[in-house]
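Residue-level structural notes
Okay, here's what each chain looks like letter by letter:
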Amino acid sequence: MSESVYVRMCHKIGTPQQVAFRRDIVDMMELFRNQHDLARSMMSGSRREGFRLHGSDVDIMYWPANHRVIWDFSQSEYYNIHRQVLILCDSSESPAGFTLLWLPLERACQVVLSSCVRMIGGLYLSSFKYTETTPDSTIHGPCSSGTLYGSLEYDAAHCFVSDFWPPSASSWIDRCHSWPPPHVVNDIIRNGCHFVAIGHKLGNHEDNEWRISFSLAENKLVYSMNHTQFLTYGLLKLFLKEIINNGLRDEDKLLCSYHMKTAVFWAIQQNTLPHWCPQNLLAAFWVCFKLLLKRVYEGICPNFFIPENNMFLSKIHGQAQLSLFRRLYGLYEKGIALLLHSPSIRSSIIDVLCNPRLTVCTDEHTLISEAEFDVQLFGEIYSTGAIQTLDLQDCMKYLHTVEQLIDSPLTQYQVVSLQKYTATILRYTAFILHNIYINTGVNKQMYIAHKMSRHMLKLAAKFGYVSDMLYIAMYYYKTLRYREALSVIEMTKVKLVQPYLMYEDHVDRERYTEAVGGQSWSTKMRQAVARDITLHSEICYISELLLEQQSIRQNRCHTLFIPLFVLLHMLEFLCSRHVDTITAQTALDDLQVLVHHDQGLYIGDICRDISWEILGICQQMAGNLQTALYSFQQSLRQVPFNKIQTATTERIQDLHFYTPL
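A short tour of the structure in this document, coming up. (Residues numbered from 1 in each chain as written. Predicted model: local features only at pLDDT ≥ 70, side-chain atom pairs only at ≥ 80, totals over all residues. Heavy atoms only, no water.)

As for the packing of helix 15 (residues 370-384) against helix 17 (residues 412-437)
- Two numbers describe how helix 15 lies on helix 17: the axes approach to 10 Å, and their chain directions differ by 50°. It follows from the interaxial angle that helix 15 and helix 17 lie oblique. In this structure, helix 15 meets helix 17 at a crossing whose hand is right-handed. Along the contact surface, helix 15 presents Phe373, Leu377, Phe378, Ile381 and Thr384, while helix 17 presents Tyr413, Val416, Ser417, Lys420 and Tyr421.
- Of the residues contributing to the contact of helix 15 with helix 17, the split by class is seven nonpolar, two polar and one charged. (Axes fitted to C-alpha atoms, helices over the stretch in contact; angles between N-to-C directions. Helix = DSSP H or I, 4+ residues; strand = E, 2+ residues; numbered from the N terminus. Parallel < 35°, antiparallel > 145°, perpendicular 65-115°, else oblique. Left-handed = near helix turned anticlockwise from the far one by under 90°. Contact = heavy atoms within 4.5 Å. Nonpolar A, V, L, I, M, F, W, Y, C, P; charged D, E, K, R; others polar.)

Thoughts on unusual backbone geometry
- Across the junction of tryptophan 179 and proline 180, the peptide omega takes the value -5°, indicating a cis bond.
- On the secondary structure map, proline 180 appears in the loop between helix 6 (170-175) and helix 7 (182-190).
- Positive phi values are uncommon outside glycine, yet glutamate 106 reaches one of about 50°.
- With respect to the helices and strands, the residue glutamate 106 is situated in the loop between strand 5 (98-102) and helix 4 (110-113).
- Notably, isoleucine 120 is not glycine yet its phi reads approximately 50°, a positive angle.
- Looking at the secondary structure, you find isoleucine 120 in the loop between strand 6 (116-119) and strand 7 (122-125).

Here's the deal with the nonpolar core
- Phe239, Leu255 and Phe305 are the most contacted members of the largest nonpolar core, which totals 95 residues.
- In terms of residue count, the dominant contributor to this core is helix 11 (residues 281-298) (12 residues).
- Not counting the four nearest positions on each side in its chain, phenylalanine 305 is found in contact with Trp165, Ser168, Ala169, Ser171, Trp172, Phe214, Ala217, Glu218 and Leu221.
- Judged by nonpolar contacts, the second largest core, of 73 residues, contains Leu426, Leu433, Ile489 and Ile644. (Core = buried A, V, L, I, M, F, W, Y, C linked by side-chain atoms within 4.5 Å. Buried < 20%, exposed > 50% of the residue type's maximum accessible area, 1.4 Å probe, protein only.)

Here's the deal with the environment of serine 347
- Tracing the backbone through its elements, the reader meets serine 347 in helix 13 (residues 346-354).
- Residues serine 347 and valine 5 lie 342 residues apart in sequence; the distance between their C-alpha atoms is 9.2 Å.

Here's the deal with helix 19 (residues 469-478)
- Counting buried positions along helix 19 gives nine out of 10 residues, so the element sits mostly inside the fold.
- Along helix 19, the positions that sit buried rather than exposed are Met469, Leu470, Tyr471, Ile472, Ala473, Met474, Tyr475, Tyr476 and Tyr477.
- On the buried face of helix 19, the contacting elements are helix 17, helix 18 (443-463), helix 20 (482-496), strand 16 (533-536) and helix 24 (564-576).
- Within two residues after helix 19, leucine 480 carries a phi angle of roughly 70°, on the positive side.

Observations concerning helix 23 (residues 546-554)
- Listed in full, the buried residues belonging to helix 23 are Leu547, Glu548, Gln549, Ser551 and Ile552.
- Trailing helix 23 by a residue or two, arginine 556 shows a phi angle of about 60°, which is positive.

Focus on the packing of aromatic side chains
- What the rule picks out here adds up to 44 aromatic pairs.
- Measuring from centroid to centroid gives 5.8 Å for tyrosine 477 and tyrosine 482, while their planes differ by 55°, and the two rings are tilted.
- One residue, arginine 427, lies across the ring of tyrosine 428, its end atom 5.8 Å from the ring centre.
- Sitting over the face of the ring of tyrosine 471, arginine 427 holds its NZ or CZ atom 4.0 Å from the ring centroid. (Phe/Tyr/Trp six-rings, centres within 6.5 Å; stacked < 30°, edge-to-face > 60°. Lys NZ or Arg CZ within 6 Å of the ring centre and 35° of its normal.)

Considerations on the packing of helix 10 (residues 257-269) against helix 11
- Between helix 10 and helix 11, the least distance of the axes is 9 Å, while the angle of their chain directions is 110°. Classified by the angle between their axes, helix 10 and helix 11 sit roughly perpendicular to one another. In terms of crossing hand, the pair formed by helix 10 and helix 11 is right-handed. Contacts between helix 10 and helix 11 involve Met260, Ala263, Val264, Trp266 and Ala267 on the former and, on the latter, Val287, Cys288, Leu291, Leu292 and Arg295.
- Taken together, the residues that form the contact of helix 10 with helix 11 break down as nine nonpolar, no polar and one charged.

See below:
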């Protein structure tokens, strides 16, 4: 039975290879994002660990790069106090796992200083006041919450970092005999810890205390798990979501995913299961569940790094503790059959119960096809690789990072993600360079900038997706080279009509495997993969879309997402107007058919707003004012994913003004 559930969990959570590429891609992305001199960031939580469960949010930690927390004054010798702001921990009046942050020199950036309070004879950083400095979001514990791309929820924790391991967690080092291995322990200690803005509810200074966060250490521990251990953790997360907390209001949910993770950590380190292998997956789940049940019964859940920190202390006690224990014990009495209440794995258990002689192959290559694996790999690179910059210096730093990484030992997944990020950086550099020098009036500078921009865009197209060729066409249109743009569009069309093309998650798996199966992912990406087009709101790519870019900026968004074939027809229409009016009309007709009749193959539901908008723009330029008005009205009726309603409304008003009744 366990093997069947193992296979089901691999389909639900991911095979070892899938989990590996998710982690590698995030790690590679953070190498680029943390080139900035002022701030650092780190993805944490489920997505960083390798999960892609439905409904999971994105957890991100931010901290100022030039502020460092130390545990005693002797550690100040490692810093230049003229360049680094030093913050000293004061844990003398705080519960285990929490601390006060003291500014002994009373020097820091303005945001930090404005979040300080006078107490105990010194200037201390208030966690409560610090969370209030985060704009445009809802405060949730130590995090500010919001939404990305219309639907993806995020929690952003603004915190501080220490390069040193907490003295209060020194006992953890002594416990690491069998797990994690010594090199992981050393790596964890070497990377220190963080401090998130939340105090202990039963502490003396709740509004001013900070919780010691071991998020980075936890990521490294999860990375060091074998796949059965990782799936056990995933199974517990599903058990929590689909059984324990199912139907409960948020305020009534006493257990959280962090409690599940802690149970797995303790179970692995204490060798409660001799062999963590696919055949023992359900046994591993049962061991962790019994440990969790014991913790609830005792009312004590020791933090994995600082056991003196009882994570149940402020919430799971009294009547709430008793009610939770009774509920969990009722599940315990059902035995492993309790998992029948989980929609995610019910069918696997039923299959085995109905066919006890069923044998299941757990070989990874049989669990997912090559084409399906590639769909997820390229989708991960696309969704994670949101490099955005308007600074030429940042682009130079990114390219320098690429140069350094080329000679570094990289995994196969990091190589292909680096290839795509390089294409993205070259594209940004090309347009930024052009925008800087186009209005200088110095012909030589303009000529050199144009030559470099064109070269970088061609290079980006060789590194990136098939669809990246359209950025060259946009550049040619922007620089009035209409015939050259149309030539690029024709070449792109030839590549896009190949029967093996992978567009978003649409692909003929058989033809794709026949055409590029077994080849490197770098080759596959260049020859057979296409994605939707993204335009940064601050960069002018197509002047006809400036109103839409202005609209998304007003809504504090940075990216316009346009379906690939919608943009292709738009560019063909715009360029052909200057070359061949018949071809322009054909392109407009093709665009109209696509927008009116596509069933989700080329235009996803979330991008129908911009698709109708672009159709309306082209119809208006062609003089078809009534049909343009209809298209703009249709745009307003779609899911407002791109946040272009302000632009659409303005276009409708202009049409009403110029169109006689």
